[in-house]
Structure formats: structure tokens, C-alpha cells
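A closer look at the structure
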Amino acid sequence: MLYLIIVLGNTLIVTLIITGPHLHSPMYFFLANLSFVDLWISSVTTPKMITDFLRENKTISFGDCMCQVFFVHFFGGGEIVLLLVMAYDRYVAICKPLHYSTIMSLRRCIGLVVSYWITGFVHAFSQMVMIIQLSFCGPREIDSFFCDIPLVVELACMDTSTLGIFLNGASGVLGLTFVVLLISYTYILLTVRQRSKTAVSKALSTCTAHITVVVLFFGPCIFIYVWPLSIPWVDKFLAVFYSVITPFLNPAIYSLRNKEMKNAMKRLRNYYVDSEVSI
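Residues numbered from 1 in each chain as written. Predicted model: local features only at pLDDT ≥ 70, side-chain atom pairs only at ≥ 80, totals over all residues. Heavy atoms only, no water.

Under an unreviewed UniProt entry, the protein has the name Olfactory receptor and belongs to Tupaia chinensis. In UniProt, the protein has this text filed under Subcellular location (unreviewed entry): "Cell membrane". Quoted straight from UniProt, the Sequence similarities (unreviewed entry) entry for the protein says "Belongs to the G-protein coupled receptor 1 family." (UniProt positions renumbered as here; feature names shortened; annotations may be inferred.)

Below is the structure:
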């Protein structure tokens, strides 16, 4: 049921933004991309998770395991850059409103989208190059619901110290990105504080949704990839959280707190109701 809601909710947001002319702005353009990425992050892991719940023999081939590792980090790495792009968009919109349309031109928006797809691919490919060279000769049991790099590395029967340094560097980038995002939103709110109360409430309404999504995404990732202590049941819970719960909550966070999105849903509902009446 959760997975069906994820698919329907994120598909609805993408459809509303594409079909609604009043939603053709950079903020909603990036929101549509976020929903698209969330849909695929969940689709990489959840269907396999569901089938494993329904059968006793919970196995996965090496090729499928590597595919999960690649696409989880492809879409996950892309989402990190996308959240940075969304923070930059809010900074320009709130702190430099008169130059917003010039700075966030269509060409720049497309360039930013291309940059996060490229970053996600480079991140995932670099991880795969390291993982694919490992040799596995011992037990091949992963204590989780899907394949991920730390779990696969633990199964290797060779020295993984060099890979550990590389993974620690990637974890450092993850933590640094989270700090940069929090600082950027804090700066936005401090800047708006000097303006009218109307501007403050509007900025708070917009930024609160963004900050909530950032915390929901980065919180579990930091505990899994950055936190030095590893507790298997906590890691499993957090892995499910960022691959299932976060994509499930994101559509609700943005639609329930966004007046334009709620109006777009009402228009879509009225359109279908009127169509049924005329029929």
C-alpha cells in the first residue's frame, strides 16, 4: 500500500506540474524532478523488498545486487545535488527577487538539472568501479532489505582499507552538504527577518517544507554512511525509511503546505467531476 501511494503521489505531482501552466516556474520544475527521483529511488528497492516478504527463499543474484547498489547511489547522489539546487533557487527567489527571472532562466534550470544527473552517474559509477573489483569467498548473506555498499564491502575476503578511505571521503561530502544546506536556509531566514511580516511568513512556509525534506533525506543517510557505530536493526530501519518513508512523505509535505499545488489538485478533481457529469 505504501509503495502504491508513493507511485501515485509522486506521479500526481509530476503530472500536475507538467499540465498546469501556472506551475511552470523553476521551483515547481525542480519539485517535479524531485518527485521523479523519489519515485525511482523507491522503485529500485521496494518491489524486491515486497517479494522477499512473501517468500521464504530471500535471494538476489550478484548482478541484481550490483544494479541495486548502482541505482540507489545514482538517484541518491542526484537527489543530494537536486536539494542543493532547490536551496539555491529559494535563495535567489527570496533574497534577490528582482533578479530571479534573469538568474533562474530556462537555460540555467536545464543546466542545473543536467548537472545533478551527471553528478549522480559519476558518483554511482565511481562506487561501482571500486565494488566490482572485490572478491567474495566467504558467507554471502546481507543483513538488510536490499544491497548497499557498506554491506557488500563487509562480505569481501580481501583488504578493503583503500576502499574504506574512499567511502569515508564520500561520507564526508554527504555530511558537508547537509551542513551547507542548513546554513543556506538559516541565511535565507535571517535575511527575510529584516523585511515585512508577510515576506517572513511566506519564506517560512516555503523553507519549512524544504528543510523538512532535507532532514528526512539526510538524517537516515548520515546515520548509515557517516555515523561510526553500526547497529544492524537501526541501519535496516533507516534504510527502509529513506527508500520508502521519505518518498512517501515528500508529496504530502509539498502538496499540503503549498497553496498552488492544492489549487491545482482541486482544478484536476473538478475537471474529472465535470467530465463525469457531462457524460
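As a further point, take the state of the cysteines. Per the counting criterion, the structure on display carries 1 disulfide. Here Cys-65 pairs with Cys-147 through a disulfide, and the sulfurs are 2.1 Å apart. Note on the Cys-65 and Cys-147 pair: the S-S dihedral is about -120 degrees, so by sign convention the disulfide is left-handed. Remark: Cys-147 occurs in the loop between α5 (106-131) and α6 (149-154) and Cys-65 occurs in helix α3 (residues 62-95); sequence separation between them is 82 residues. (Disulfide = S-S within 2.5 Å. Helix = DSSP H or I, 4+ residues; strand = E, 2+ residues; numbered from the N terminus.)

With the rule as written, the count across this model stands at 3 salt bridges. For the salt bridge of Asp-52 with Arg-55, the shortest nitrogen-to-oxygen distance reads 3.7 Å. A relative accessible area of 11% means that Asp-52 is categorised as buried. Since its relative accessible area comes to 37%, Arg-55 is described here as partly exposed. Put simply, Asp-89 and Arg-90 hold a salt bridge, and the shortest N to O gap is 2.8 Å. Comparing Asp-89 with Arg-90, the two get one shared label, buried. Residues joined in a network through salt bridges with shared partners are Lys-48, Asp-52 and Arg-55. (Salt bridge = Lys/Arg side-chain N within 4 Å of Asp/Glu carboxyl O. Buried < 20%, exposed > 50% of the residue type's maximum accessible area, 1.4 Å probe, protein only.)

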